Amino acid sequence: MALLAEKVESAKQEIEKVIIGKGLVVDLLFTAVLAEGHILLESVPGSGKTKLARSFANIISGDFRRVQFTPDVLPSDVTGIQFFHPKLQEFELRTGPVMANILLADEINRATPKTQSSLLEAMEEKQVTIDGETVALPEPFMVIATQNPVESNHGTFPLPEAQLDRFLFKIDMSYPSLHEEQLILDTYRTEEPFAKLKEILSIDDLLSWKTQVKQVTVSTVVRDYLLALVRCTREHEEIDLGVSTRGALALMKAAQAFALLKGRNFVSPADIKLLAPYIFEHRLVLSMEGSIRKTTPQVMKEVIELVEVPVEQEIH
């Protein structure tokens, strides 16, 4: 496990040559790929979402594809089609950009609900069905979707709860600090660091580590703390729809992957507390009164504060 943590740290340092000041976001990317989850990135245009996804795919030696979603993009533009080959006089399968290790679904909320739903099978079952033929997706497979909040009320189609529930994490990539932005300008003033990125990890590394995730211990104390957070979301007076059992399982698996990346064979309460907002917030539906008075992050912060964090006990 120590060797894994060292390799991931080397990969993070390489990514941070391109994406400065987003160490936790990179941690969450690695966590998601080991937990077989997907990520929804939300931020203003120009904050580095696309470059982050490309850099991550480069570091893990993965196949990267990008789909720019617009209202006229069809499901077949994502998954693929059966087309008639005139010379062979037969239908031939042509797979779409979904056949990749890292699929960047850029501005996913600009696509129509029908096109958005074309990703549901891929995200959940790791396969796509094209005109009746089922095709398995490569391993690992992760969707990194982006959406711009400033355009949420103009020319977009909000993601339904069923679609949001397929994302392990929803991450708000905020503006960099003044110091970080100074470093960004200094770094890009004379060169394009992306061109110098090295492949630090391999797909085989990731597949090997994925098998170790379930071996990470979740003690009874940690499990009960996780469930207390889940119950609190269901009982909070300003939340109409709390976290489902799928959400609870998502947090447990993500915490196991996160602990593994940190070189530990056990999940700590701190792991649960850190990851819970990224996994729970997009799964919550506030009541009418709650949405008028507070934002979802504010309510989530209350949930975290209401549930007592147990004393950490190292489980070996």
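Definitions and cut-offs
Residues numbered from 1 in each chain as written. Predicted model: local features only at pLDDT ≥ 70, side-chain atom pairs only at ≥ 80, totals over all residues. Heavy atoms only, no water. Pairing = 2+ DSSP bridges. Helix = DSSP H or I, 4+ residues; strand = E, 2+ residues; numbered from the N terminus. Axes fitted to C-alpha atoms, helices over the stretch in contact; angles between N-to-C directions. Contact = heavy atoms within 4.5 Å. Domains from an automatic or database assignment. Buried area = accessible area lost by both parts, 1.4 Å probe. Salt bridge = Lys/Arg side-chain N within 4 Å of Asp/Glu carboxyl O. Expected span 1.5 Å × (residues − 1). Buried < 20%, exposed > 50% of the residue type's maximum accessible area, 1.4 Å probe, protein only. Arc of directions from axis to C-beta.

- Per an unreviewed UniProt entry, the protein goes by MoxR-like ATPase and derives from Sediminibacillus albus.

1. A word on the sheet that holds strand S1 (residues 39-42)
Right, on to step 1. Read across the open sheet, the 5 strands follow the order S2-S5-S8-S1-S9; overall the sheet is parallel. This sheet does not close on itself; its edge strands, each paired only once, are strand S2 (64-68) and strand S9 (169-172). Across this sheet, the average inter-strand angle for adjacent strands is 20°, counted without regard to direction.
Right, on to step 2. Note that S1 and S9 share 4 bridges and pair parallel. Looking across to S9, one finds that Leu40 is bridged to Lys170.
Right, on to step 3. Across the face of the sheet, helix H3 (residues 49-59) comes into contact with S1, S2, strand S5 (102-106) and strand S8 (142-147) while running at roughly 170° to S5.

2. As for the domain arrangement of the protein
Right, on to step 1. Domain annotation of the protein identifies domain 1 (1-206) and domain 2 (215-306).
Right, on to step 2. The gap between the C-alpha centroids of domain 1 and domain 2 is 24 Å.
Right, on to step 3. The interface of domain 1 with domain 2 comprises 23 residues on the first partner and 20 residues on the second.
Right, on to step 4. Summing both partners gives a buried area of about 2,000 Å² for domain 1 against domain 2, and 67% of it is carried by carbon and sulfur.
Right, on to step 5. One can count 5 salt bridges joining domain 1 with domain 2.

3. Quick word on helix H2 (residues 23-34)
Right, on to step 1. Under the 1.5 Å per step criterion, the end-to-end length of H2 is 17 Å for 12 residues, consistent within 8% with the ideal 16 Å.
Right, on to step 2. A large share of H2 lies buried, amounting to 11 of its 12 residues.
Right, on to step 3. For H2, the set of buried residues is Gly23, Val25, Val26, Asp27, Leu28, Leu29, Phe30, Thr31, Ala32, Val33 and Leu34.
Right, on to step 4. Just downstream of H2, Glu36 is the residue with a positive phi angle, here 60°.

4. Thoughts on helix H12 (residues 269-280)
Right, on to step 1. With 12 residues, H12 extends 16 Å between its outermost C-alpha atoms, agreeing within 8% with the 16 Å of an ideal straight helix rising 1.5 Å per residue.
Right, on to step 2. Among all positions in H12, only Pro269, Asp271, Ile272, Leu275, Ala276, Ile279 and Phe280 are buried. Viewed end-on, H12 has its buried residues packed into an arc of 135°, placing them on one side of the element.

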